[in-house]
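A look at the structure
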Amino acid sequence: ALIFVPIFFFFFLFGGLPLEIFCVLIACIAAWEFYRMTHVSLSMSIIGYIFTLLFAALTVGWLPASFHAVILSASLLSVCGAVVILENPSGEVLKTIGYVMFGALYAGTLLPILAALRDLPKDGLGVSFLALFCTWASDTAAYFVGHAVGKRKLAPTVSPGKTIEGACGGVIASIAMGFFIAHLFHLPIQTVPLFFLTAFAAIFGIIGDLAESFFKR
């Protein structure tokens, strides 16, 4: 983290092609980590890497609009199904396909979309800061609030360390950070939409953490 964060912010502040390339590379590393964690076979992982690159390229705007995500998803499903059936006709086909699809979509869009937000012609820096810092505020607050006052488990069978109190603290922190960033960058977002946007961002972040914990188990 001590090496990654300064490098990321260097590219993040300048935006453009360097940030896009950096985010696509990190997306590939995230896909590798996910497929290693879910024990996906090498051949299926290679398919996942290819589609991770395609999803990432689509997200940052390297591919034309005709390469729609629905087409890529359908192609990914078809290729994965064919390979799994050939490799192991009696295996858990749908489960493996699900891992590959989720990994490609998750890794290929999550960080690259931050580069796409940064490249917005108007308020790109502010909007990308909003997405980034609301996520960090939510994770940080959830950790400290959960350790300080957390008693009721959020999902004990999936992630025993997460608590309802920590989750609530994360949502509140995300909302507070969202209003701060919006004020700092004078973002043209009204109060009610901003409230729900930042709250849902924290909630989906928590769901993402639980999903990652589920795969690790």
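**Some thoughts on the packing of helix α1 (residues 4-14) against helix α2 (residues 16-37)**
For the pair α1 and α2, interaxial distance at closest approach is 7 Å and the crossing angle is 140°. Taken together, α1 and α2 sit at an angle that is classed as oblique. Considering the relative orientation of α1 and α2, their crossing is left-handed. Residues F4, I7, F8, F11, F12 and F14 of α1 form the contact with α2, whose participating residues are G16, P18, L19, F22 and I26. Of the residues that constitute the contact of α1 with α2, the class distribution is 10 nonpolar, 1 polar and no charged.

**Considering helix α8 (residues 164-184)**
Its 21 residues place the ends of α8 30 Å apart at the C-alpha level, agreeing with the 30 Å of an ideal helix rising 1.5 Å per residue. For α8, the full list of buried residues reads E165, G166, A167, G169, G170, V171, A173, S174, I175, G178, I181 and A182. Count one or two residues on from α8 and you reach H186, which has phi positive near 55°.

**Quick look at the pairing of strand β2 (residues 159-163)**
The pairing of strand β1 (residues 153-155) with β2 spans 2 bridges and is antiparallel. Looking across to β2, one finds that A155 is bridged to S159. Counted along the chain from β1 to the antiparallel partner β2, the turn is 3 residues long.

**With respect to unusual backbone geometry**
In this model, D123 sits at a positive phi of 65°, which is unusual for a non-glycine residue. Inspection of the secondary structure assignment puts D123 in the loop between α6 (112-118) and α7 (124-149). Taking relative accessible area as the criterion, D123 reaches 26% and is therefore assigned partly exposed. Located in the positive-phi region is H186, a residue other than glycine, with phi close to 55°. Along the polypeptide, H186 turns up in the loop between α8 and α9 (191-216).

**Here's the deal with the nonpolar core**
Judged by nonpolar contacts, the single largest core of 20 residues is most densely connected at F8, F9, F12, L19, L114, L130 and L132. Elements supplying a minimum of two residues to this core: α1, α2, α3 (42-60), α6, α7 and α8. When sequence neighbours within four positions are dropped, the list of residues in contact with L132 reads F8, F9, F12 and L114. With 13 residues, the next largest nonpolar core counts F34, M44, I47 and A107 among its residues.

**What about the packing of aromatic side chains?**
All told, the structure shown has 14 aromatic pairs when counted by the stated rule. Look at F102 and Y106: their rings are 5.6 Å apart centre to centre, the planes differ by 15°, and that puts the pair in the stacked class. Of this pair, F102 and Y106 both sit in helix α5 (residues 93-109), separated by 4 residues, roughly a single helical turn. Using a relative accessible area of 31% as the deciding quantity, one classes Y106 as partly exposed. By way of ring pairs, the aromatic residues F12, F129, F133, W136 and F185 are connected into one cluster. Here R36 stacks its cationic end above the ring of W32, 5.4 Å away from the centre of that ring.

Calculation notes
- Residues numbered from 1 in each chain as written.
- Predicted model: local features only at pLDDT ≥ 70, side-chain atom pairs only at ≥ 80, totals over all residues.
- Heavy atoms only, no water.
- Axes fitted to C-alpha atoms, helices over the stretch in contact; angles between N-to-C directions.
- Helix = DSSP H or I, 4+ residues; strand = E, 2+ residues; numbered from the N terminus.
- Parallel < 35°, antiparallel > 145°, perpendicular 65-115°, else oblique.
- Left-handed = near helix turned anticlockwise from the far one by under 90°.
- Contact = heavy atoms within 4.5 Å.
- Nonpolar A, V, L, I, M, F, W, Y, C, P; charged D, E, K, R; others polar.
- Expected span 1.5 Å × (residues − 1).
- Buried < 20%, exposed > 50% of the residue type's maximum accessible area, 1.4 Å probe, protein only.
- Pairing = 2+ DSSP bridges.
- Core = buried A, V, L, I, M, F, W, Y, C linked by side-chain atoms within 4.5 Å.
- Phe/Tyr/Trp six-rings, centres within 6.5 Å; stacked < 30°, edge-to-face > 60°.
- Lys NZ or Arg CZ within 6 Å of the ring centre and 35° of its normal.

No statement about biological role is implied by the geometric values presented.
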